[in-house]
Amino acid sequence: MTFGIKRRLTENWTLSCISKPGTAPPLPETISATVPGTVHTDLLEARLIPDPYLDVNEIALDWIGRSAWRYAIAFDWSDNGHAHHELVFEGLDTVADIRLNGQPLGRARNMHRSYRFDIARFLTPGINHLEVDFLPVEDYGAEVRAALGSAADIPANYPGAWPFVRKMACNFGWDWGPTLVTAGIWKPVTLESWSTARLGEIRPQVTLAGGLGHVVADVGITGSEDKLFLTLSVAGETATVALDPGACHAVLTVDVDDPKIWWPHGLGDQPLYDLQIVLTDAAGTVLDRWTRKTGFRTVRLDTLADEHGSAFTIVVNDVPVFVRGANWIPDDCFLPRVTRERYAARVAQARDANINLLRVWGGGIYETQDFYEICDAEGLLVWQDFLFACSAYPEDEPVRGEVEAEARENVVRLMPHPSLILWNGNNEN
(Lines give C-alpha, C1' and ligand atoms only; values in the text may rest on other atoms or scores of the structure.)
Protein backbone atom coordinates (compact mmCIF):
# COMPACT_ATOMS: atom_id res chain seq x y z
CA MET A 1 0.00 0.00 0.00
CA THR A 2 1.30 3.48 -0.85
CA PHE A 3 1.83 6.54 1.30
CA GLY A 4 -1.14 7.52 3.48
CA ILE A 5 -3.73 10.15 2.62
CA LYS A 6 -4.11 13.29 4.74
CA ARG A 7 -7.19 15.41 4.07
CA ARG A 8 -7.74 18.71 5.82
CA LEU A 9 -11.34 19.41 6.81
CA THR A 10 -11.46 23.17 6.32
CA GLU A 11 -14.49 23.92 4.17
CA ASN A 12 -18.26 24.09 4.81
CA TRP A 13 -18.26 24.23 8.59
CA THR A 14 -21.23 25.78 10.37
CA LEU A 15 -21.58 27.23 13.87
CA SER A 16 -24.66 27.22 16.07
CA CYS A 17 -25.39 28.22 19.65
CA ILE A 18 -26.84 25.25 21.56
CA SER A 19 -27.30 27.01 24.92
CA LYS A 20 -26.86 30.57 26.08
CA PRO A 21 -27.53 32.80 29.09
CA GLY A 22 -30.41 35.26 29.17
CA THR A 23 -28.11 38.16 28.35
CA ALA A 24 -27.39 36.77 24.86
CA PRO A 25 -29.02 38.43 21.85
CA PRO A 26 -31.14 36.53 19.29
CA LEU A 27 -28.97 34.53 16.88
CA PRO A 28 -29.55 32.75 13.56
CA GLU A 29 -29.92 28.98 13.75
CA THR A 30 -26.55 28.54 12.04
CA ILE A 31 -23.84 30.73 10.56
CA SER A 32 -20.82 29.97 8.42
CA ALA A 33 -17.74 29.02 10.43
CA THR A 34 -14.04 29.23 9.68
CA VAL A 35 -11.78 26.35 10.74
CA PRO A 36 -9.25 26.96 12.18
CA GLY A 37 -11.09 29.77 13.95
CA THR A 38 -12.99 30.93 17.02
CA VAL A 39 -16.60 31.62 17.92
CA HIS A 40 -15.86 35.32 18.42
CA THR A 41 -14.35 35.79 14.97
CA ASP A 42 -17.16 33.85 13.28
CA LEU A 43 -19.75 36.05 15.00
CA LEU A 44 -17.74 39.12 14.06
CA GLU A 45 -17.53 38.01 10.41
CA ALA A 46 -21.30 37.48 10.39
CA ARG A 47 -21.77 41.01 11.79
CA LEU A 48 -23.60 39.66 14.82
CA ILE A 49 -21.30 41.30 17.38
CA PRO A 50 -19.26 44.54 17.54
CA ASP A 51 -15.47 44.47 17.54
CA PRO A 52 -14.51 42.84 20.89
CA TYR A 53 -11.42 45.06 21.13
CA LEU A 54 -13.30 48.37 21.07
CA ASP A 55 -14.62 50.39 24.01
CA VAL A 56 -16.14 48.12 26.70
CA ASN A 57 -17.41 45.54 24.24
CA GLU A 58 -15.58 42.79 26.12
CA ILE A 59 -18.11 43.25 28.95
CA ALA A 60 -21.11 43.27 26.63
CA LEU A 61 -19.84 40.09 24.94
CA ASP A 62 -19.30 38.14 28.14
CA TRP A 63 -22.23 35.87 27.17
CA ILE A 64 -20.16 34.25 24.40
CA GLY A 65 -17.85 32.51 26.85
CA ARG A 66 -20.82 31.38 28.96
CA SER A 67 -22.62 29.78 26.01
CA ALA A 68 -22.30 26.33 24.44
CA TRP A 69 -21.47 26.10 20.73
CA ARG A 70 -21.59 23.46 18.03
CA TYR A 71 -19.27 23.25 15.03
CA ALA A 72 -20.65 20.91 12.37
CA ILE A 73 -19.54 19.70 8.95
CA ALA A 74 -20.92 17.23 6.42
CA PHE A 75 -18.13 15.69 4.34
CA ASP A 76 -18.11 13.09 1.61
CA TRP A 77 -16.00 9.95 2.02
CA SER A 78 -15.40 6.88 -0.09
CA ASP A 79 -13.30 3.84 0.65
CA ASN A 80 -9.73 4.65 -0.42
CA GLY A 81 -8.34 1.17 0.20
CA HIS A 82 -6.50 2.01 3.42
CA ALA A 83 -7.00 -0.07 6.54
CA HIS A 84 -6.83 2.70 9.15
CA HIS A 85 -8.71 5.99 9.35
CA GLU A 86 -8.04 8.55 12.09
CA LEU A 87 -9.37 12.01 12.84
CA VAL A 88 -6.68 14.33 14.17
CA PHE A 89 -7.48 17.58 15.96
CA GLU A 90 -4.31 19.62 16.41
CA GLY A 91 -6.02 22.01 18.82
CA LEU A 92 -9.46 22.32 20.43
CA ASP A 93 -10.31 25.31 22.63
CA THR A 94 -11.10 23.88 25.16
CA VAL A 95 -13.90 21.73 26.62
CA ALA A 96 -15.24 19.73 23.68
CA ASP A 97 -17.30 16.62 22.99
CA ILE A 98 -16.85 15.08 19.52
CA ARG A 99 -19.31 12.92 17.57
CA LEU A 100 -19.17 11.33 14.12
CA ASN A 101 -22.45 10.20 12.57
CA GLY A 102 -24.07 10.50 15.98
CA GLN A 103 -21.50 8.27 17.70
CA PRO A 104 -19.28 9.70 20.46
CA LEU A 105 -15.59 9.77 19.48
CA GLY A 106 -14.21 11.26 22.64
CA ARG A 107 -13.76 14.36 24.77
CA ALA A 108 -11.19 17.15 24.86
CA ARG A 109 -10.37 19.09 28.01
CA ASN A 110 -7.09 20.76 27.11
CA MET A 111 -6.33 23.54 24.63
CA HIS A 112 -2.58 22.82 24.70
CA ARG A 113 -2.51 19.32 23.21
CA SER A 114 -3.73 17.39 20.17
CA TYR A 115 -6.27 14.55 19.96
CA ARG A 116 -6.37 11.54 17.64
CA PHE A 117 -9.43 9.30 17.23
CA ASP A 118 -9.81 5.99 15.39
CA ILE A 119 -12.90 6.48 13.24
CA ALA A 120 -12.80 3.46 10.91
CA ARG A 121 -15.87 1.83 12.49
CA PHE A 122 -17.89 5.06 12.30
CA LEU A 123 -17.18 6.16 8.71
CA THR A 124 -19.76 5.36 6.05
CA PRO A 125 -19.52 5.70 2.25
CA GLY A 126 -21.13 8.96 1.17
CA ILE A 127 -21.94 11.87 3.47
CA ASN A 128 -20.61 11.81 7.04
CA HIS A 129 -21.59 14.22 9.80
CA LEU A 130 -19.02 15.50 12.29
CA GLU A 131 -20.04 17.62 15.29
CA VAL A 132 -17.85 19.26 17.91
CA ASP A 133 -19.69 20.72 20.90
CA PHE A 134 -17.84 23.29 23.00
CA LEU A 135 -19.10 23.65 26.56
CA PRO A 136 -18.65 26.76 28.75
CA VAL A 137 -15.14 26.53 30.13
CA GLU A 138 -16.00 28.31 33.39
CA ASP A 139 -18.68 25.70 34.09
CA TYR A 140 -16.19 22.89 33.58
CA GLY A 141 -13.60 24.64 35.74
CA ALA A 142 -16.16 25.02 38.51
CA GLU A 143 -16.95 21.29 38.28
CA VAL A 144 -13.26 20.40 38.63
CA ARG A 145 -12.89 22.82 41.55
CA ALA A 146 -15.86 21.25 43.33
CA ALA A 147 -14.61 17.71 42.71
CA LEU A 148 -11.18 18.53 44.15
CA GLY A 149 -12.67 19.71 47.44
CA SER A 150 -10.01 21.01 49.84
CA ALA A 151 -7.31 20.46 47.18
CA ALA A 152 -8.89 23.35 45.30
CA ASP A 153 -8.09 25.85 48.06
CA ILE A 154 -5.22 27.52 46.22
CA PRO A 155 -4.21 31.19 45.82
CA ALA A 156 -4.64 32.94 42.48
CA ASN A 157 -4.15 36.52 41.33
CA TYR A 158 -7.42 36.64 39.40
CA PRO A 159 -10.90 35.24 40.18
CA GLY A 160 -12.56 32.44 38.25
CA ALA A 161 -12.01 28.78 37.51
CA TRP A 162 -9.11 29.19 35.08
CA PRO A 163 -6.42 27.41 37.19
CA PHE A 164 -8.56 24.26 36.94
CA VAL A 165 -8.72 24.23 33.14
CA ARG A 166 -5.81 23.82 30.72
CA LYS A 167 -6.59 26.88 28.63
CA MET A 168 -4.70 30.03 27.70
CA ALA A 169 -4.88 31.92 30.99
CA CYS A 170 -4.95 35.42 29.51
CA ASN A 171 -8.34 34.68 27.92
CA PHE A 172 -9.77 35.31 31.37
CA GLY A 173 -8.38 38.86 31.47
CA TRP A 174 -4.92 40.17 32.31
CA ASP A 175 -3.30 43.47 33.17
CA TRP A 176 -2.43 43.97 29.49
CA GLY A 177 -5.55 42.64 27.76
CA PRO A 178 -9.30 42.06 27.71
CA THR A 179 -11.44 39.26 29.09
CA LEU A 180 -12.46 37.30 26.01
CA VAL A 181 -13.14 33.65 26.84
CA THR A 182 -12.78 31.94 23.48
CA ALA A 183 -13.96 28.60 22.12
CA GLY A 184 -13.42 26.90 18.80
CA ILE A 185 -11.37 24.60 16.61
CA TRP A 186 -8.24 26.72 16.78
CA LYS A 187 -5.87 24.44 14.85
CA PRO A 188 -6.34 22.22 11.77
CA VAL A 189 -8.51 19.08 11.60
CA THR A 190 -7.19 16.25 9.42
CA LEU A 191 -8.65 12.94 8.28
CA GLU A 192 -5.68 10.56 8.00
CA SER A 193 -5.93 7.24 6.17
CA TRP A 194 -3.02 4.79 6.19
CA SER A 195 -2.07 1.14 5.93
CA THR A 196 0.66 -1.12 7.29
CA ALA A 197 2.21 1.46 9.65
CA ARG A 198 2.74 5.14 10.33
CA LEU A 199 5.26 7.21 12.25
CA GLY A 200 4.42 8.07 15.85
CA GLU A 201 6.31 10.23 18.32
CA ILE A 202 9.70 11.43 17.04
CA ARG A 203 12.31 12.82 19.44
CA PRO A 204 15.42 14.15 17.69
CA GLN A 205 18.39 15.17 19.85
CA VAL A 206 20.72 17.42 17.86
CA THR A 207 24.08 18.13 19.51
CA LEU A 208 27.49 19.52 18.62
CA ALA A 209 30.86 18.64 20.15
CA GLY A 210 34.38 19.16 18.85
CA GLY A 211 33.18 20.19 15.43
CA LEU A 212 31.11 17.02 15.04
CA GLY A 213 27.35 17.20 14.70
CA HIS A 214 25.45 14.33 16.28
CA VAL A 215 21.78 13.46 15.70
CA VAL A 216 19.99 10.77 17.67
CA ALA A 217 16.36 10.21 16.65
CA ASP A 218 14.10 8.20 18.93
CA VAL A 219 11.21 7.11 16.69
CA GLY A 220 7.89 5.51 17.51
CA ILE A 221 5.98 3.39 14.98
CA THR A 222 2.28 2.54 15.08
CA GLY A 223 0.49 -0.42 13.55
CA SER A 224 3.17 -2.61 11.99
CA GLU A 225 3.00 -6.37 11.62
CA ASP A 226 5.47 -6.44 8.71
CA LYS A 227 9.21 -5.98 8.32
CA LEU A 228 9.88 -2.24 7.87
CA PHE A 229 12.78 0.15 7.46
CA LEU A 230 13.48 3.58 8.94
CA THR A 231 15.91 6.03 7.35
CA LEU A 232 17.25 9.20 8.95
CA SER A 233 18.93 11.80 6.73
CA VAL A 234 20.50 15.16 7.53
CA ALA A 235 23.24 17.25 5.89
CA GLY A 236 23.95 14.57 3.28
CA GLU A 237 24.38 11.80 5.86
CA THR A 238 21.96 8.87 6.27
CA ALA A 239 21.35 5.94 8.55
CA THR A 240 18.88 3.08 8.08
CA VAL A 241 17.61 0.48 10.54
CA ALA A 242 15.49 -2.59 9.89
CA LEU A 243 12.45 -3.19 12.10
CA ASP A 244 11.22 -6.66 12.94
CA PRO A 245 7.47 -7.30 12.53
CA GLY A 246 5.57 -5.75 15.41
CA ALA A 247 8.39 -3.39 16.41
CA CYS A 248 7.09 -0.08 17.75
CA HIS A 249 10.30 1.78 18.48
CA ALA A 250 13.77 2.40 17.02
CA VAL A 251 16.76 4.69 17.50
CA LEU A 252 18.76 6.07 14.58
CA THR A 253 22.09 7.90 14.83
CA VAL A 254 23.91 10.10 12.31
CA ASP A 255 27.21 12.00 12.63
CA VAL A 256 27.87 15.11 10.54
CA ASP A 257 31.48 16.21 10.11
CA ASP A 258 32.14 19.94 10.47
CA PRO A 259 28.54 21.22 10.10
CA LYS A 260 27.88 24.90 9.73
CA ILE A 261 27.13 26.28 13.19
CA TRP A 262 23.90 28.05 14.13
CA TRP A 263 24.39 31.34 15.99
CA PRO A 264 22.09 33.81 17.72
CA HIS A 265 21.33 37.04 15.88
CA GLY A 266 24.33 39.37 16.01
CA LEU A 267 26.92 36.65 16.65
CA GLY A 268 26.87 34.81 13.33
CA ASP A 269 24.74 33.13 10.70
CA GLN A 270 21.77 30.77 11.10
CA PRO A 271 22.39 27.80 8.77
CA LEU A 272 19.59 25.23 8.91
CA TYR A 273 19.54 21.64 7.69
CA ASP A 274 16.64 19.46 6.55
CA LEU A 275 16.14 16.61 9.00
CA GLN A 276 14.05 13.80 7.52
CA ILE A 277 12.80 10.42 8.70
CA VAL A 278 11.21 8.03 6.20
CA LEU A 279 9.33 4.82 6.93
CA THR A 280 9.30 2.21 4.13
CA ASP A 281 8.18 -1.37 3.68
CA ALA A 282 10.34 -4.26 2.47
CA ALA A 283 9.64 -3.33 -1.17
CA GLY A 284 10.89 0.22 -0.61
CA THR A 285 7.44 1.82 -0.74
CA VAL A 286 7.25 4.97 1.37
CA LEU A 287 4.62 4.61 4.09
CA ASP A 288 5.21 7.83 6.01
CA ARG A 289 7.59 10.77 6.12
CA TRP A 290 8.53 13.39 8.75
CA THR A 291 10.58 16.51 7.93
CA ARG A 292 11.81 19.45 10.01
CA LYS A 293 14.61 21.98 9.81
CA THR A 294 17.25 21.99 12.52
CA GLY A 295 20.59 23.56 13.34
CA PHE A 296 23.78 22.56 15.11
CA ARG A 297 24.77 24.54 18.20
CA THR A 298 25.66 24.04 21.84
CA VAL A 299 23.83 25.72 24.68
CA ARG A 300 24.29 25.69 28.45
CA LEU A 301 23.20 27.79 31.40
CA ASP A 302 26.09 28.97 33.58
CA THR A 303 24.98 29.24 37.21
CA LEU A 304 28.42 29.08 38.82
CA ALA A 305 29.08 31.14 41.94
CA ASP A 306 30.26 34.69 41.37
CA GLU A 307 30.74 37.84 43.45
CA HIS A 308 26.98 38.47 43.48
CA GLY A 309 25.91 34.93 44.42
CA SER A 310 25.53 32.90 41.25
CA ALA A 311 25.58 33.63 37.55
CA PHE A 312 22.66 33.20 35.18
CA THR A 313 24.41 33.29 31.84
CA ILE A 314 23.22 31.69 28.60
CA VAL A 315 26.23 30.31 26.76
CA VAL A 316 25.85 29.41 23.07
CA ASN A 317 28.71 27.68 21.24
CA ASP A 318 30.89 28.45 24.30
CA VAL A 319 30.25 32.19 23.90
CA PRO A 320 28.43 33.98 26.76
CA VAL A 321 25.45 35.86 25.31
CA PHE A 322 24.53 39.32 26.57
CA VAL A 323 20.78 38.79 26.52
CA ARG A 324 18.56 41.61 25.31
CA GLY A 325 15.18 40.02 25.85
CA ALA A 326 11.48 40.75 25.60
CA ASN A 327 8.34 39.04 26.81
CA TRP A 328 6.22 37.39 24.10
CA ILE A 329 2.49 37.30 24.80
CA PRO A 330 -0.04 35.93 22.31
CA ASP A 331 -0.19 38.33 19.36
CA ASP A 332 -3.99 38.22 19.32
CA CYS A 333 -6.70 37.04 21.70
CA PHE A 334 -8.07 35.20 18.66
CA LEU A 335 -5.12 32.96 17.84
CA PRO A 336 -6.07 31.75 14.34
CA ARG A 337 -5.80 35.35 13.10
CA VAL A 338 -2.02 35.23 13.66
CA THR A 339 -0.62 34.18 10.28
CA ARG A 340 2.93 33.16 9.46
CA GLU A 341 3.39 36.56 7.84
CA ARG A 342 2.28 38.29 11.04
CA TYR A 343 4.71 36.21 13.10
CA ALA A 344 7.47 37.12 10.67
CA ALA A 345 6.69 40.82 10.96
CA ARG A 346 6.69 40.71 14.76
CA VAL A 347 9.96 38.77 14.96
CA ALA A 348 11.53 41.17 12.47
CA GLN A 349 10.44 44.09 14.67
CA ALA A 350 12.12 42.44 17.65
CA ARG A 351 15.30 41.78 15.69
CA ASP A 352 15.40 45.34 14.36
CA ALA A 353 15.03 46.62 17.93
CA ASN A 354 18.25 44.72 18.72
CA ILE A 355 16.41 42.07 20.76
CA ASN A 356 18.03 38.64 20.69
CA LEU A 357 15.72 36.60 22.97
CA LEU A 358 11.95 36.21 23.20
CA ARG A 359 10.46 34.62 26.31
CA VAL A 360 7.18 32.83 25.53
CA TRP A 361 5.07 33.78 28.53
CA GLY A 362 3.36 31.20 30.73
CA GLY A 363 -0.09 32.77 30.51
CA GLY A 364 -0.30 32.16 26.77
CA ILE A 365 0.32 29.10 24.60
CA TYR A 366 3.04 26.80 23.38
CA GLU A 367 3.46 28.72 20.15
CA THR A 368 2.83 27.37 16.67
CA GLN A 369 5.52 25.83 14.46
CA ASP A 370 5.59 29.07 12.45
CA PHE A 371 6.85 31.07 15.43
CA TYR A 372 9.76 28.78 16.25
CA GLU A 373 10.70 28.26 12.59
CA ILE A 374 10.91 32.02 12.09
CA CYS A 375 12.99 32.42 15.25
CA ASP A 376 15.29 29.66 13.95
CA ALA A 377 15.74 31.51 10.66
CA GLU A 378 16.22 34.95 12.25
CA GLY A 379 18.49 33.84 15.09
CA LEU A 380 16.25 34.93 17.97
CA LEU A 381 16.71 32.77 21.04
CA VAL A 382 13.52 31.44 22.65
CA TRP A 383 12.91 30.97 26.36
CA GLN A 384 9.78 28.85 26.75
CA ASP A 385 7.62 28.90 29.87
CA PHE A 386 5.49 25.95 30.77
CA LEU A 387 1.94 27.25 30.86
CA PHE A 388 1.35 28.34 34.43
CA ALA A 389 0.86 31.97 35.43
CA CYS A 390 0.13 33.94 38.59
CA SER A 391 -1.55 31.13 40.50
CA ALA A 392 -1.04 27.91 42.35
CA TYR A 393 -2.37 24.95 40.38
CA PRO A 394 -3.97 21.67 41.48
CA GLU A 395 -1.60 18.72 41.61
CA ASP A 396 -4.43 16.18 41.55
CA GLU A 397 -6.42 14.59 38.73
CA PRO A 398 -7.77 15.54 36.29
CA VAL A 399 -5.45 18.56 36.10
CA ARG A 400 -2.27 16.60 36.78
CA GLY A 401 -2.76 14.17 33.88
CA GLU A 402 -3.58 16.95 31.43
CA VAL A 403 -0.48 18.90 32.44
CA GLU A 404 1.72 15.86 31.91
CA ALA A 405 0.15 15.11 28.52
CA GLU A 406 0.61 18.65 27.19
CA ALA A 407 4.18 18.89 28.52
CA ARG A 408 5.25 15.61 26.95
CA GLU A 409 3.70 16.49 23.60
CA ASN A 410 5.13 19.99 23.35
CA VAL A 411 8.63 19.18 24.57
CA VAL A 412 8.82 16.55 21.81
CA ARG A 413 7.24 18.86 19.22
CA LEU A 414 9.76 21.63 19.83
CA MET A 415 12.93 19.54 20.16
CA PRO A 416 14.35 20.19 16.65
CA HIS A 417 14.45 23.99 16.98
CA PRO A 418 17.92 25.46 17.58
CA SER A 419 16.37 28.75 18.73
CA LEU A 420 14.76 27.06 21.76
CA ILE A 421 17.42 27.25 24.45
CA LEU A 422 15.60 27.18 27.80
CA TRP A 423 12.47 25.74 29.41
CA ASN A 424 11.14 27.56 32.47
CA GLY A 425 8.61 26.36 35.03
CA ASN A 426 6.09 29.18 35.12
CA ASN A 427 5.32 32.90 35.19
CA GLU A 428 5.18 34.51 38.65
CA ASN A 429 3.80 31.51 40.51
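## What to know about the sheet that holds strand β25 (residues 325-328)
Here is step 1: Spatially, β25-β26-β27-β28 is the arrangement adopted by the four strands of the open sheet, whose pairing is parallel. Looking at strand neighbours, the two that pair on one side only are β25 and β28 (420-424), the edges of this open sheet. Going across the sheet, the axis of each strand differs from the next one's by a mean of 20°, ignoring polarity.
Here is step 2: Bridge count for β25 against strand β26 (residues 357-360) is four bridges, and the pairing is parallel. Along β26, the bridge assignment pairs Ala326 with Leu358.
Here is step 3: Along the sheet, helix α6 (residues 369-378) contacts β25, β26 and β27 (381-385); its crossing angle with β27, the most-contacted strand, is approximately 150°.

## Observations regarding the pairing of strand β17 (residues 249-257)
Here is step 1: Burial along β17 is one-sided: Ala250, Leu252, Val254 and Val256 are buried, and none of His249, Val251, Thr253, Asp255 and Asp257, which face the opposite way, are.
Here is step 2: Pairing analysis gives nine bridges linking strand β14 (residues 212-222) to β17, with the strands arranged antiparallel. Note on β17: the bridge partner recorded for Leu212 is Asp257.

## A few points about the side chain of Glu406
Here is step 1: Secondary-structure assignment places Glu406 in helix α7 (residues 399-414).
Here is step 2: Within the structure, Glu406 has its side chain in polar contact with the side chain of Asn110 (distance 3.1 Å).
Here is step 3: Once residues within four sequence positions are removed from consideration, Glu406 is found in contact with Asn110, His112, Arg113, Arg166, Tyr366 and Leu387.

Thresholds applied
- Each chain has its residues counted from 1, running along the sequence as written.
- Local features are withheld for residues below a pLDDT of 70 in this predicted model, meaning they are given only at 70 or higher, and side-chain atom pairs are given and counted only at 80 or more; totals for whole chains, interfaces and linings count all residues.
- Side-chain figures throughout are based on the complete set of non-hydrogen atoms in the structure, without hydrogens or water.
- Strands are treated as partners if at least two bridges between them are detected by DSSP.
- The helix and strand labels rest on DSSP assignments: H or I over at least four residues marks a helix, E over at least two residues marks a strand, and numbering proceeds from the N terminus.
- Axis definition: a line fit to C-alpha positions, over the contact stretch in the case of helices; interaxial angles, taken between N-to-C directions, run 0 to 180 degrees.
- In what follows, residue pairs with any heavy atoms lying within 4.5 Å of each other are defined as contacts.
- A 1.4 Å probe rolled over the protein chains alone gives each residue an accessible area, and that area as a share of the maximum for its type sets the label: buried under 20%, exposed over 50%, partly exposed in between.
- Polar contact criterion, stated in full: a pair of N or O atoms within 3.5 Å, where within protein one must be able to donate a hydrogen and the other to accept it, and residues adjacent in sequence count only if both atoms are side-chain atoms.

Read these as layout, nothing more, since geometry by itself doesn't imply function.
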